[in-house]
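Topology and contacts: notes
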Amino acid sequence: GAVVSQHPSWVICKSGTSVKIECRSLDFQATTMFWYRQFPKQSLMLMATSNEGSKATYEQGVEKDKFLINHASLTLSTLTVTSAHPEDSSFYICSERTSGNNEQFFGPGTRLTVL
Amino acid sequence: GENVEQHPSTLSVQEGDSAVIKCTYSDSASNYFPWYKQELGKRPQLIIDIRSNVGEKKDQRIAVTLNKTAKHFSLHITETQPEDSAVYFCAAGQFYFGTGTSLTVIP
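A few points on the structure. (Residues numbered from 1 in each chain as written. Chains lettered and ligands numbered in written order. Predicted model: local features only at pLDDT ≥ 70, side-chain atom pairs only at ≥ 80, totals over all residues. Heavy atoms only, no water.)

1. Notes on the overall build of chain A
For chain A, the helix and strand inventory stands at zero helices and eleven strands. In sequence order, the secondary structure elements of chain A are arranged as β-β-β-β-β-β-β-β-β-β-β. On C-alpha atoms alone, chain A measures out to a radius of gyration of 13 Å, which is about the 13 Å that the 2.2 N^0.38 rule sets for 115 residues. Counting the 115 residues in chain A, one finds 48% classified as buried. Contacts spanning at least 24 positions in sequence make up 52% of the contacts within chain A whose residues lie at least 6 apart. Split by element, the accessible area of chain A, about 5700 Å² in all, is 52% carbon and sulfur. The averaged location of the 10 negative side-chain charges in chain A is 6 Å from the averaged location of its 10 positive side-chain charges. (Helix = DSSP H or I, 4+ residues; strand = E, 2+ residues; numbered from the N terminus. Rg over C-alpha atoms; globule rule 2.2 N^0.38 Å. Buried < 20%, exposed > 50% of the residue type's maximum accessible area, 1.4 Å probe, protein only. Contact = heavy atoms within 4.5 Å. Areas by Shrake-Rupley, 256 points an atom, 1.4 Å probe, with all protein chains shown as cover. Lys, Arg positive; Asp, Glu negative; His and termini not counted. Charge placed at Lys NZ, Arg CZ, Asp CG, Glu CD.)

2. Thoughts on the interface of chain A and chain B
Listed as interface residues are 19 residues of chain A and, on the opposing side, 15 residues of chain B. At the surface where chain A touches chain B, the tally comes to zero salt bridges. Of all the elements in the fold, those that place two or more residues in the side of chain A that touches chain B are β4 (32-38), β9 (90-97) and β10 (104-106) of chain A. Residues that form the side of chain A that touches chain B fall into these classes: nine nonpolar, seven polar and three charged. (Salt bridge = Lys/Arg side-chain N within 4 Å of Asp/Glu carboxyl O. Nonpolar A, V, L, I, M, F, W, Y, C, P; charged D, E, K, R; others polar.)

3. Quick word on the environment of Val19(A)
Residue and element names in this part refer to chain A. Mapping valine 19 onto the fold places it in strand β3 (residues 19-25). Along the sequence, valine 19 and glycine 107 sit 88 residues apart, while their C-alpha atoms lie 17 Å from each other. Leave out the neighbours within four places in its chain, and valine 19 touches Val11, Cys13, Leu79, Thr80, Val81 and Leu112.

4. Let's talk about the pattern of salt bridges
A side chain of one charge can pair with a side chain of the opposite charge when the charged atoms of the two come close. The tally for this structure, following the rule as stated, stands at five salt bridges over all chains. Note that Lys66(A) is salt-bridged to Asp88(A), the shortest N-O span being 2.9 Å. Pair noted here: Lys66(A) is in the loop between β6 (57-58) and β7 (67-73) and Asp88(A) is in the loop between β8 (76-81) and β9, with a separation of 22 residues, a long-range link. A salt bridge links Arg61(B) to Asp84(B), with the nearest nitrogen and oxygen atoms 2.9 Å apart. Of this pair, Arg61(B) sits in the loop between β6 (56-59) and β7 (62-67) while Asp84(B) sits in the loop between β8 (72-77) and β9 (86-92), and the two are 23 residues apart along the sequence. Given a relative accessible area of 7%, Asp84(B) falls into the buried group.

5. Looking at the state of the cysteines
Residue and element names in this part refer to chain A. Counted according to the given criterion, the structure contains two disulfides over all chains. The side chain of cysteine 23 participates in a disulfide bridge whose partner is cysteine 94; the two sulfur atoms lie 1.9 Å from each other. Linking cysteine 23 and cysteine 94, the disulfide has an S-S dihedral of approximately 80° and is accordingly described as right-handed. With cysteine 23 in strand β3 and cysteine 94 in strand β9, this pair connects stretches of sequence that are 71 residues apart. (Disulfide = S-S within 2.5 Å.)

6. Focus on the sheet that holds β7(A)
Residues and elements named next belong to chain A. Spatially, the four strands line up as an open sheet ordered β1-β3-β8-β7, and their pairing is antiparallel. Edge positions in the sheet fall to β1 (4-7) and β7, since each of these pairs with one other strand and no more. In this sheet, adjacent strand axes meet at a mean angle of 20° when their direction is disregarded. Pairing analysis gives four bridges linking β1 to β3, with the strands arranged antiparallel. Opposite valine 4, over in β3, you have serine 25 as the bridge partner. (Pairing = 2+ DSSP bridges. Axes fitted to C-alpha atoms, helices over the stretch in contact; angles between N-to-C directions.)

7. Focus: the packing of aromatic side chains
Applying the stated criterion across every chain yields a total of eleven aromatic pairs over all chains. Ring centres 5.6 Å apart and planes at 55° place the aromatic pair Tyr36(A) and Phe106(A) in the tilted group. Of the two residues, Tyr36(A) is situated in strand β4 and Phe106(A) in strand β10; the sequence distance between them amounts to 70 residues. Taken together, Tyr36(A), Phe106(A), Tyr36(B) and Phe97(B) form an aromatic cluster joined through their ring pairs. (Phe/Tyr/Trp six-rings, centres within 6.5 Å; stacked < 30°, edge-to-face > 60°.)

All quantities given are derived from atomic positions and should not be read as evidence of function.
Structural data, given as C-alpha cells:
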C-alpha cells in the first residue's frame, strides 16, 4: 500500500500563532489528498480535500481561511492552522487514496496542542 | 449526507471469545464499507472492507457482513487476542466514519 508521512508528529504552540503540518506521499503521486481532524475519543471528521494545482474543497462548517491547504506538488500537501486557539487542539490526519479502488492510506497524524 | 451509527461504543471480551461491532448507514447509494483499527495515538489502518455486491467477506479471524436492504453491516472478530484491543471504526464510503468502538480483550 501507499506510504504517507506527516510532519511534525506533535506540536505545542501558543494561542494566536499559526502552525503548518506537512503531509507527504512517499511512494505515490497523489493528485488528491484528504485532511481529517479527530478530537479525543471521537471519530475522524473530514475537513477538506486537497487537490494538486487547484483550490482545496472544504467540508461544510470548516473555515477555509482558518485552515489553509496548499497542494503544490504531487507528493506534498500542507495544512496551516492560522491563529490557532485551544479549541483547535486535535489530532490532524492526512490520507491518500490509490487509484482503482477506494482504499485510503493514512498518515501517522499530528497532535496539535494550543495553549 | 451520509450518517453512520456504530454500536457499542465500548466492548470488553475475554480472550478467545468473539466480538461483534455493528454499524448502520443512511445513504442507500453507499457501496463501499471499510473497517479500520486504530491504536492509541496512531493512524487508522484498514483491516477489512466490503463492497455492496457481496454480503460477506472473511479474512482469517475477521469477517464482515453487509445487509444492503437494512443498511447495516457488522464486524466479527473470532478467537480474540489481547493485541486486538484498539478502537475500531466503520465507514460508509470513504469519508463517513462511525463513532468508534473501544474493544478491550481481557487476557
